[in-house]
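The chain contents come next:
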Amino acid sequence: MTVLSTSSDGFRLHGEPLRIISGAMHYFRIHPDQWADRLRKARLMGLNTVETYVPWNLHQPEPGTLVLDGILDLPRYLRLAQAEGLHVLLRPGPYICAEWDGGGLPSWLTTDTDIRLRTSDPRFTDALDRYLDLLVPPLLPQLAANGGPVIAVQVENEYGAYGDDRAYLEHLAESFRARGVDELLFTCDQANPAHLAAGSLPGVLTTGTFGSRITESLDQLRAHQPEGPLMCAEFWIGWFDHWGEPHHVRDAADAAADLDRLLSAGASVNIYMFHGGTNFGFTNGANHDHAYEPIVTSYDYDAALTESGDPGPKYHAFREVIARHAPVPDEPAPAPSPKLPHTVVELGDRASLLPHASVLAKPVRVDAGPVTMEELGLRAGYVLYRTTVPAAGDGVLHFAGGVGDRAQVFVDGAPVGVLERERHEEALAVRVLRAGATLDVLVENMGGVNYGPRIGASKGLLGPVTFDGTALHGWDCHPLALDAAGAIPFAPAAGSPSDAGPAFHRGTFEVRTPADAFLSLPGWTKGQAWINGFHLGRYWNRGPQRTLYVPAPVLRPGTNDVVLLELQATTEPRVHLTDTPDLGPVKP
């Protein structure tokens, strides 16, 4: 029996009126040892509910598998939410967008070009059903009907912006029901008539997504759905950042005024984001409309809680607004978390990547042209492609179809240029000093497209490579997942730290009491960072983001280590741990 139901104008929980005042926070963007802290801060702001997506691509990295541990221990997250007295809105997709790699769809699925994604194509729905067969059973105890915190489950995600396959939405709703999900189902779409019509289902609650024009948006929602609760399932209070653009912020007073308008209209709300968190590792997504635009590592989103979990200006402003409409705990607002004292880390050990690629990944030999990252079975990371150039001289390397997404090119170990997908670059003029010279092409996956028709676009080298019109054959392809960087044979650095070329750098530092910190990398160009083996994510001096968040649980008392993969060059042999984030200049 459904615990949460709807009436002509609102929600009922166990028959009693309920206004949902929710905030989005994604367990997979937060260190699991910090889940309880963030949930407590949600309650203290006045929220009675939290919302989260469920990323199919991480929970099922291979067909037939299910990962539910560590940062993916969703049942534990749900239990912690209930212990804090919070309800949960669960959004299992299968597509989540979320500025997340591939929109949450697994690469083993999206690389099959014959599958029509997010449709009633049996190849898609069969894969989805097999996933739900594994995912749903361990979540059933967490449903409200079974005594758990989950009061509602979303069907798809903003589907009206993508397609109009009603049979697909019906299949998905029935898939949840058939597996024992008896809770209230809802859809969410941008608040315009076309999206609402294409993305909704009879008998399923329709909700809207918008960040402003509150009255107009609620009117659109009511025109589509004459009766039932009004709910903004994503009240956008900030925005995300792409590399190379300013950091987005929204004035706290402006956002709070719109929240007050929503609540004054009697609507329920899910604040997107209450706490954004971090795209750790290789999990960020990308947009690709006119150009490819990868998303930064931080998902701070200018949310109520900052990336490090501290109350920001919106936290206090929203708490005041919520108190006008609903009970707020009679407890002090939480204080900022302790921060690590400023620490300088000397990176005295070094190992060049190109000579050690085979240590990280056994090469796959391809006699013809290079193959894509997906054909090598790699979801994320890098591929090093290696071959020889048969003739010497000045000429043009041409990469048919371009690169996915950024390629550094080397001849006999010397850097000769960079190609980027976002600049639509496919050719590079080079000088080859000898016949048989080694050509290395290191290609970086900068994040899978998360929105629109280009989800699943290939990574790596996307077609044949020629030198002055002659095709290059016989490639050794090294799929570099970089989940075993500890295998690299480090040695004390020799020469200048500015030596060009991709290289790993390592150093150690002492910690007395672990606390949150921010890794600052002045003088470094572009690469990846790990602390104690935990993959913090990507850095790039293109900005806007200038620091990487280091969660306190990543650190340990005593000796800690930091490893960087610097792709180009650095002018510094050191990095800094600071107590202040730098997300870059603000968008005017």
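Read on for a plain summary of the structure. (Residues numbered from 1 in each chain as written. Predicted model: local features only at pLDDT ≥ 70, side-chain atom pairs only at ≥ 80, totals over all residues. Heavy atoms only, no water.)

**Overview of helix H5 (residues 122-139)**
Moving on, step 1. Spanning 18 residues, H5 covers 25 Å between terminal C-alpha atoms, matching the ideal 26 Å at 1.5 Å per step.
Moving on, step 2. Helix geometry: H5 is bent most strongly at Leu 132, by close to 30 degrees.
Moving on, step 3. The secondary structure elements touched by the buried residues of H5 are helix H2 (56-59), helix H3 (74-83), strand S6 (87-91), helix H4 (107-110) and helix H6 (166-178). (Helix = DSSP H or I, 4+ residues; strand = E, 2+ residues; numbered from the N terminus. Expected span 1.5 Å × (residues − 1). Bend = angle between axes of the 7 residues up to and from the residue. Contact = heavy atoms within 4.5 Å.)

**Details of unusual backbone geometry**
Moving on, step 1. The omega angle of the peptide bond from Tyr 272 to Met 273 is 0 degrees, so this bond is cis rather than trans.
Moving on, step 2. Mapping Met 273 onto the fold places it in strand S11 (residues 268-275).
Moving on, step 3. Following Gly 404, the chain continues into Asp 405 via a peptide bond in cis, with omega recorded as 15 degrees.
Moving on, step 4. Within the secondary structure layout, Asp 405 lies in the loop between strand S19 (403-404) and strand S20 (406-411).
Moving on, step 5. With a phi angle near 55 degrees, Glu 99 is a residue other than glycine that sits in the positive phi range.
Moving on, step 6. Among the structural elements, Glu 99 can be located in the loop between S6 and H4.
Moving on, step 7. By relative accessible area, which is 8% here, Glu 99 ends up buried.
Moving on, step 8. A positive phi is found at Tyr 301, a non-glycine position, where the angle reads about 65 degrees.
Moving on, step 9. With respect to the helices and strands, Tyr 301 occurs in the loop between strand S13 (292-294) and helix H10 (313-323). (Buried < 20%, exposed > 50% of the residue type's maximum accessible area, 1.4 Å probe, protein only.)

**Observations concerning the packing of aromatic side chains**
Moving on, step 1. Counted according to the given criterion, the structure contains 22 aromatic pairs.
Moving on, step 2. Between Phe 518 and Tyr 549, the aromatic rings sit 5.8 Å apart at their centres with planes inclined by 40 degrees, giving tilted as the arrangement. Of this pair, Phe 518 sits in strand S31 (residues 517-520) while Tyr 549 sits in strand S34 (residues 547-550), and the two are 31 residues apart along the sequence.
Moving on, step 3. Note on Phe 518: relative accessible area 2%, which makes it buried.
Moving on, step 4. We classify Tyr 549 as buried; its relative accessible area is 3%.
Moving on, step 5. Every member of this aromatic cluster is reached through a ring pair, and the members are Trp 56, Trp 108, Phe 124, Tyr 131, Tyr 159, Tyr 162 and Tyr 168.
Moving on, step 6. Of note, Lys 526 hangs over the ring of Trp 540, and the distance from its end group to the ring centre comes to 4.5 Å. (Phe/Tyr/Trp six-rings, centres within 6.5 Å; stacked < 30°, edge-to-face > 60°. Lys NZ or Arg CZ within 6 Å of the ring centre and 35° of its normal.)

**Some words on the pairing of strand S9 (residues 205-210)**
Moving on, step 1. With 6 of its 6 residues buried, S9 lies for the most part within the structure.
Moving on, step 2. Neither face of S9 is exposed, since Leu 205, Thr 207 and Thr 209 on one face and Thr 206, Gly 208 and Phe 210 on the opposite face are all buried.
Moving on, step 3. Taken together, the 3 bridges between S9 and strand S10 (residues 231-236) define a ladder with parallel strand orientation. Paired with Phe 210 across the strands is Phe 235, a residue of S10. (Pairing = 2+ DSSP bridges.)

**With respect to the sheet that holds strand S2 (residues 11-13)**
Each strand in a sheet pairs with its neighbour through backbone hydrogen bonds, running either in the same direction (parallel) or in the opposite one (antiparallel).
Moving on, step 1. Pairing within the open sheet is antiparallel, and its 3 strands lie in the order S1-S2-S3. The open sheet has two edge strands with one neighbour each: strand S1 (4-6) and strand S3 (16-18). Averaged over all adjacent pairs, the angle separating strand axes in this sheet is 45 degrees, with direction ignored.
Moving on, step 2. Pairing of S1 with S2 involves 3 bridges; the strand directions are antiparallel. Directly across from Thr 6, in S2, lies its bridge partner Phe 11. (Axes fitted to C-alpha atoms, helices over the stretch in contact; angles between N-to-C directions.)

**Some points on the pattern of salt bridges**
Moving on, step 1. What the rule picks out here adds up to 35 salt bridges.
Moving on, step 2. With its nearest N and O atoms 3.4 Å apart, the salt bridge here joins Arg 542 to Glu 422. One end of the pair, Arg 542, is in the loop between strand S33 (534-540) and S34; the other, Glu 422, is in the loop between strand S21 (414-420) and strand S22 (427-432), and 120 residues separate them in sequence.
Moving on, step 3. Given the relative accessible area of 26%, Arg 542 is considered partly exposed.
Moving on, step 4. Overlapping salt bridges, with partners in common, bring together Arg 406, Glu 420, Glu 422, Arg 423 and Arg 542 in one network. (Salt bridge = Lys/Arg side-chain N within 4 Å of Asp/Glu carboxyl O.)

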